[in-house]
Amino acid sequence: MSEPQIRLQAWETRLEEFIAQQYGLSFDTVGRAMGRGPRAASDFARRLKKLGHADVARIDYGSRGPWRNSTTFDESDVVPHGPLWLSLTRATAWGYLEFDPGEWTPKASTAAHLTAVTELRLALTGLDTDPRVWTSERLLRRRLRGESGRPEVHIHDGWFRDFADPDKVWAVEVELSRKFGDGRLTRAISAALDAADRNDLAGVVYFVRGEGLRRAVETAATRIAHDRNVDRLPNLEIHDLDATVARGMQPREQVS
């Protein structure tokens, strides 16, 4: 007896498009996006993989466990390290993005940052995939590429439309750790501000993790303001990342 054909529901295709825009999601973030638990996230990933729409990989980037062996996605004798990640195949992502995104697989070096950006997006704008509401980094890299095919300006972590004033669009930067080195943080903030100006944005909103990093960003911003002969930067805001995510993610309505 043949297995029943898998047909994705509307909420599942919306979540697929969201994943395409964000590169990929950990299973934990998939569950949060759904407003459900790990089993529902695993079932969703299994359905997409069975359709040939997605790939699943386990990425070890030092995130806290403990991790359990998945009977669906791990070999039986494998000791798991790190969370499972779900990303769409090149062809499936192409269909949603309407351009060839190339091959992409999650990397340990960027997984924590991608997770933070995605959870911030969920907290601020939910699963809305309208690029006018939130423009992801992946879409920005395509939009802002130059003649060489590569972006010629700093690429923000995203853009989002101002909730109170829809005529304003803000750039988003997520910082999880201090950029040490001679002026690295100052240069990064300056580049983000300059890119916002070049694209006629209202400014840049920095979401930072921890009070120490917040103070470092504030100190760098004061230095930039001094160099630009102003008392303060009117186009820069600094907010606590974890507090913002916590406010936006609780409670979360189930999508199915």
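Here, the structure is the one placed above.
Residues numbered from 1 in each chain as written. Predicted model: local features only at pLDDT ≥ 70, side-chain atom pairs only at ≥ 80, totals over all residues. Heavy atoms only, no water.

Another point: the overall build of the protein. Within the protein, the secondary structure is distributed over nine helices and eight strands. A compact globule built from 256 residues would reach a C-alpha radius of gyration of about 18 Å, and the protein, at 19 Å, matches this within 12%. Oriented by its inertia axes, the alpha-carbon framework of the protein measures out at about 75 × 40 × 35 Å. Considering the protein as a whole, with its 256 residues, one finds that 46% of them fall into the buried category. (Helix = DSSP H or I, 4+ residues; strand = E, 2+ residues; numbered from the N terminus. Rg over C-alpha atoms; globule rule 2.2 N^0.38 Å. Buried < 20%, exposed > 50% of the residue type's maximum accessible area, 1.4 Å probe, protein only.)

Turning next to the packing of helix 2 (residues 27–34) against helix 3 (residues 38–50). It is the contact of helix 2 with helix 3, at a shortest axis distance of 8 Å, that shows an interaxial angle of 105 degrees. One way to sum up the angle between helix 2 and helix 3 is to call them roughly perpendicular. Here Phe 27, Val 30, Gly 31 and Met 34 of helix 2 lie close against helix 3, whose contacting residues are Ala 40, Ala 41, Ser 42, Phe 44 and Ala 45. Classifying every residue of the contact of helix 2 with helix 3 gives seven nonpolar, two polar and no charged. (Axes fitted to C-alpha atoms, helices over the stretch in contact; angles between N-to-C directions. Parallel < 35°, antiparallel > 145°, perpendicular 65-115°, else oblique. Contact = heavy atoms within 4.5 Å. Nonpolar A, V, L, I, M, F, W, Y, C, P; charged D, E, K, R; others polar.)

A few words on the packing of helix 2 against helix 5 (residues 108–125). Where helix 2 meets helix 5, the axes come as close as 11 Å, and the angle between the chain directions of the two elements is 0 degrees. Considering their axes alone, helix 2 and helix 5 lie roughly parallel with respect to each other. Facing helix 2, whose interface residues are Asp 28, Thr 29, Arg 32 and Ala 33, helix 5 presents Thr 115, Thr 118, Glu 119 and Leu 122.

To continue, consider helix 3. Along its 13 residues, helix 3 runs 18 Å from first to last C-alpha, staying within 8% of the 18 Å computed at 1.5 Å per residue. Those residues of helix 3 hidden inside the fold are in contact with helix 1 (10–21), helix 2, strand 2 (54–58) and strand 3 (84–88). One or two positions beyond helix 3, positive phi appears at Gly 52, with a value near 80 degrees. (Expected span 1.5 Å × (residues − 1).)

Burial of nonpolar side chains together is a common tendency in soluble globular proteins. Judged by nonpolar contacts, the single largest core of 27 residues is most densely connected at Leu 15, Val 30, Phe 44 and Leu 86. Listing elements by their share of this core, those giving two or more residues are helix 1, helix 2, helix 3, strand 2, strand 3 and helix 4 (90–97). Counting 26 residues, the second-largest nonpolar core is a separate cluster that includes Ile 155, Tyr 206, Ala 220 and Leu 233. (Core = buried A, V, L, I, M, F, W, Y, C linked by side-chain atoms within 4.5 Å.)

As a further point, take the packing of aromatic side chains. With the rule as written, the count across this model stands at five aromatic pairs. Among the aromatic residues, ring-to-ring pairing joins Trp 134, Phe 160 and Phe 163 into one connected group. (Phe/Tyr/Trp six-rings, centres within 6.5 Å; stacked < 30°, edge-to-face > 60°.)

What follows covers the sheet that holds strand 2. Taking strand neighbours across the sheet as the criterion, the three strands line up as 1-3-2 in an open arrangement whose pairing is antiparallel. Of all strands in the sheet, those bounded by a partner on one side alone are strand 1 (24–26) and strand 2. Sheet twist, expressed as the mean angle between neighbouring strand axes with direction ignored, is 20 degrees. As defined by bridge partners, strand 1 adjoins strand 3 across three bridges and the pair is classed as antiparallel. (Pairing = 2+ DSSP bridges.)

This next bit is on the side chain of Thr 29. Tracing the sequence through the fold places Thr 29 in helix 2. Its relative accessible area of 2% is what places Thr 29 among the buried residues. With residues near it in sequence (within four places) discarded, Thr 29 still touches Thr 115, Thr 118, Glu 119 and Leu 122.

The subject of this paragraph is helix 2. The element helix 2 is largely enclosed, with a buried count of six among its eight residues. Here helix 2 has its buried residues at Phe 27, Thr 29, Val 30, Gly 31, Ala 33 and Met 34. Looking one or two residues past helix 2, Gly 35 carries a phi angle of roughly 70 degrees, positive in sign.

The topology assignment puts Arg 138 in helix 6 (residues 137–143). Within the buried core, Arg 138 has no salt-bridge partner, and the shortest N-O distance to an opposite charge, that of Asp 100, equals 7.8 Å. In this structure the side chain of Arg 138 is engaged in a polar contact, spanning 2.7 Å, whose partner is the backbone oxygen of Ala 20. Sequence-distant contacts of Arg 138, that is, excluding residues within four places in its chain, are made with Ala 20, Gln 21, Tyr 23, Ala 93, Leu 97, Phe 99, Pro 101, Gly 102 and Trp 104. (Lys, Arg positive; Asp, Glu negative; His and termini not counted. Salt bridge = Lys/Arg side-chain N within 4 Å of Asp/Glu carboxyl O. Polar contact = N/O pair within 3.5 Å; in protein donor to acceptor, adjacent residues only side chain to side chain.)

Another aspect to go through is the pairing of strand 5 (residues 158–161). Each regular strand shows side chains that alternate between the opposite faces of the sheet. Relative to strand 5, strand 4 (residues 134–136) runs antiparallel, the two sharing three bridges. The residue of strand 5 that forms the bridge with Trp 134 is Phe 160. Strand direction decides the pairing type here: strand 5 and strand 6 (residues 169–175), joined by four bridges, are antiparallel. Residue pairing in the sheet places Trp 159 in a bridge with Ala 171 of strand 6.

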